[in-house]
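# Chains, contacts and geometry: an overview
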Amino acid sequence: MKEMKVLTDLDRPCAFVPTMGALHAGHQSLIQRAREICDEVVVSVFINPLQFEDEEDLAKYPRTPERDFELAREAGATVLWRPEYETIYPTEITRLSAGALGTKFEGVHRPGHFDGVLTVVNRLFEIVKPRFAIFGEKDFQQLFLINQMATQLHPEIEIVPAPTIRESTGLAMSSRNVRLSTEGRSAADVISAVLRKAAEEESLDAAQKKLNEVTNEPRFTLDYAEIIDEDTFEIATNESLKRRAIVAGWIDGVRLIDNMAMKSALVRV
Ligand code: PAF
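Below or above, wherever it landed, is the structure these notes cover. None of the values given here were measured: they were computed from a predicted structure. (Residues numbered from 1 in each chain as written. Predicted model: local features only at pLDDT ≥ 70, side-chain atom pairs only at ≥ 80, totals over all residues. Heavy atoms only, no water.)

### A look at the environment of Glu66
Applied cut-off: Numbering goes from the N terminus for both helices and strands, where a helix is a DSSP run of H or I of at least four residues and a strand is a run of E of at least two. Here's how the labels work: a residue is buried when its accessible area is under 20% of the maximum for its type, exposed when over 50%, partly exposed in between, all with a 1.4 Å probe on protein chains only.
Considering the arrangement of structural elements, one finds Glu66 in helix α3 (residues 65-75). What makes Glu66 exposed here is its relative accessible area of 69%. Spatially, the C-alpha atoms of Glu66 and Ala22 are 9.7 Å apart, while their sequence positions differ by 44 residues.

The structure is reproduced here in structure tokens:
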């Protein structure tokens with residue numbers, strides 16, 4: 001695998017996996033998916049300051065450059081790109097807005113976060129010019145907003161969603177999990193447990209009740225636990241064909257998010 005400073009010698013279509021580093025098996029599954037659809041797989045590692053609303057969170061974000069190289073290579077990446085700040089953000093850049101949805105759910109607690117995500121992904125797309133870009137379903141709101149942005153600004157790029165990869169306990173893999181204590185890690189299993197229970201329920205009310213059980217875990221501080229319509233990202237109604245439960249909160253001062261498709265809705269599609 002080659003390291004690239006500039007992407008001038010990529011003359012073939014590529015599949016692109018943007019990351020902020022601290023790679024784990026979840027990222028590797030994105031890279032493997034990319035490799036299934038393209039011979040050339042570019043993985044970027046860029047910790048984007050614009051999407052951190054909190055300086056401390058940015059400072060604490062794990063940085064594991066050697067391991068990133070190893071895991072990316074092992075998963076089948078052909079290029080690892082670690083752009084300089086100035087490459088992504090020269091003096092004049094187009095700042096994108098995530099609009100109204102950018103202020104809901106994750107956006108309530110992370111003001112400006114999605115504006116920062118869309119701004120950096122747009123810049124990365126402009127530079128890499130991929131044919132495909134792979135994003136995990138774990139950050140479902142991010143995936144939804146990137147899909148909208150790409151449809152408008154980069155219709156030539158196909159956004160490929162990839163399923164969430166979980167620990168054997170059910171915990172969704174995340175670069176932030178390393179900051180959980182042993183007790184926090186086992187408490188965090190409550191999130192996937194309530195999601196699995198909610199996903200089995202036929203009615204929205206019953207599913208919401210199951211989701212609310214996440215508050216029974218004393219170490220967990222809830223931000224939101226909702227069922228949304230996947231097509232609109234509004235709160236789901238009985239008319240919603242594709243529904244997804246989304247949960248976010250805090251354990252040990254670490255923010256955790258997860259989501260799951262509702263089975264009953266899948267049957268109705
Ligand atoms: O999901 C992430 O790791 C980041 O939000 C992304 C898409 C790489 C943009 O910085």
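Structure's up, so let's keep going.
### Considering the packing of helix α9 (residues 189-200) against helix α10 (residues 204-212)
As a reminder of what qualifies: Only the stretch in contact is used when fitting a helix axis, every axis being a line fitted to C-alpha atoms; angles between N-to-C directions are given from 0 to 180 degrees. When an angle is under 35 degrees it counts as roughly parallel; over 145 it counts as roughly antiparallel; between 65 and 115 it counts as roughly perpendicular; any other value is oblique. Every residue pair with non-hydrogen atoms within 4.5 Å of one another is taken to be in contact.
Running from N to C, α9 and α10 point in directions that differ by 170°, and their axes come no closer than 8 Å. The angle between α9 and α10 places the two elements in the roughly antiparallel class. In this structure, α9 uses Val194, Leu195, Lys197 and Ala198 to contact α10, whose residues at the interface are Ala207, Lys210 and Leu211.

### Considerations on the environment of Arg185
Residue placement: Arg185 occurs in helix α8 (residues 182-187). Considered as a pair, Arg185 and Ala25 are 160 residues apart in the sequence and their alpha carbons are 17 Å apart. If near-sequence neighbours (up to four positions away) are discounted, Arg185 is found in contact with Glu167, Leu171, Asn177, Val178 and Leu180.

### A few points about the sheet that holds strand β9 (residues 254-261)
Spelled out, the test is: Pairing between strands is defined by DSSP: at least two bridges between the two strands are required.
Across the sheet, three strands lie side by side as β7-β8-β9; this open sheet has antiparallel pairing. Looking at strand neighbours, the two that pair on one side only are β7 (221-229) and β9, the edges of this open sheet. Between one strand axis and the next, the sheet turns by 10° as a mean value, whatever way the strands run. Bridging between strand β8 (residues 243-251) and β9 involves eight bridges; their strand directions are antiparallel. Across the sheet, the residue bridging to Val247 is Asp258, located in β9.

### Concerning the pairing of strand β5 (residues 132-136)
In plain terms, the rule: Seen with its strands pointing away from the viewer, a crossover is right-handed when the path leading from the first strand over the helix to the second is clockwise.
In terms of burial, β5 is a largely internal element, four of the five residues being buried. Here two bridges tie strand β2 (residues 14-19) to β5, and the two strands are oriented parallel to one another. Counted as the bridge partner of Ala15 is Phe132 from β5. Pairing of β5 with strand β6 (residues 158-162) involves five bridges; the strand directions are parallel. Within the sheet, the bridge partner assigned to Ile134 lies in β6 and is Val160. Read from β5 through helix α7 (residues 140-153) to β6, the crossover connection turns out right-handed.

### Re the pattern of salt bridges
The test is simple: Salt bridges, as used here, are contacts in which a Lys or Arg side-chain nitrogen is within 4 Å of a carboxyl oxygen on Asp or Glu.
Scanning all chains against the criterion turns up 19 salt bridges. The partner of Glu158 in a salt bridge is Arg131, with the nearest N and O atoms 4.0 Å apart. Of this pair, Glu158 sits in strand β6 while Arg131 is found in the loop between α6 (113-128) and β5, placing the two residues 27 residues apart along the sequence. Looking at Glu158, the relative accessible area reads 39%, which means it is partly exposed. Among the residues examined, Arg131 registers a relative accessible area of 36% and is labelled partly exposed. Within the structure, one salt-bridge network assembled from shared partners comprises Asp57, Arg176 and Arg179.

### Focus on the site of the ligand
Operational definition: Being near a molecule or strand, for a residue, means having at least one of its heavy atoms within 4 Å of it. Any pair of nitrogen or oxygen atoms within 3.5 Å is treated as a polar contact; in protein, a donor-acceptor pairing is required on top of that, and neighbouring residues in sequence qualify only through side-chain atoms on both sides. Each accessible area is a Shrake-Rupley result for a 1.4 Å probe, and residues are judged covered by the shown protein chains and nothing else. Following the grouping adopted for this structure description, the nonpolar residues are Ala, Val, Leu, Ile, Met, Phe, Trp, Tyr, Cys and Pro, the charged ones are Asp, Glu, Lys and Arg, and the polar ones are all others, Gly among them.
Every residue close to the ligand is listed here: Pro18, Thr19, Met20, Gln51, Val120, Phe135 and Gln142. Here an oxygen atom of the ligand and a side-chain polar atom of Gln51 are 2.6 Å apart. In the model, an oxygen atom of the ligand is placed 2.8 Å from a nitrogen or oxygen of the Gln142 side chain. For the ligand, the accessible surface in isolation is 280 Å², of which the surrounding protein chains cover 89%. Broken down by class, the residue content of the shell around the ligand amounts to four nonpolar, three polar and no charged.

### What about unusual backbone geometry?
Positioned with a positive phi, Phe105 is a non-glycine residue whose angle comes to about 50°. Topologically, Phe105 is positioned in the loop between α4 (85-88) and α5 (106-109). Looking at Phe105, the relative accessible area reads 11%, which means it is buried. For Phe233, which is not glycine, the phi dihedral falls at a positive 60°. Owing to a relative accessible area of 1%, Phe233 belongs among the buried residues under this scheme.

### Topic: α7
Here is the rule: To estimate the expected span of a helix, subtract one from its residue number and multiply by 1.5 Å.
With 14 residues, α7 should cover 20 Å at 1.5 Å per step; its first-to-last C-alpha distance of 20 Å lies within 8% of that length. Buried within α7 we find Phe140, Gln141, Gln142, Leu143, Phe144, Leu145, Ile146, Met149 and Ala150.

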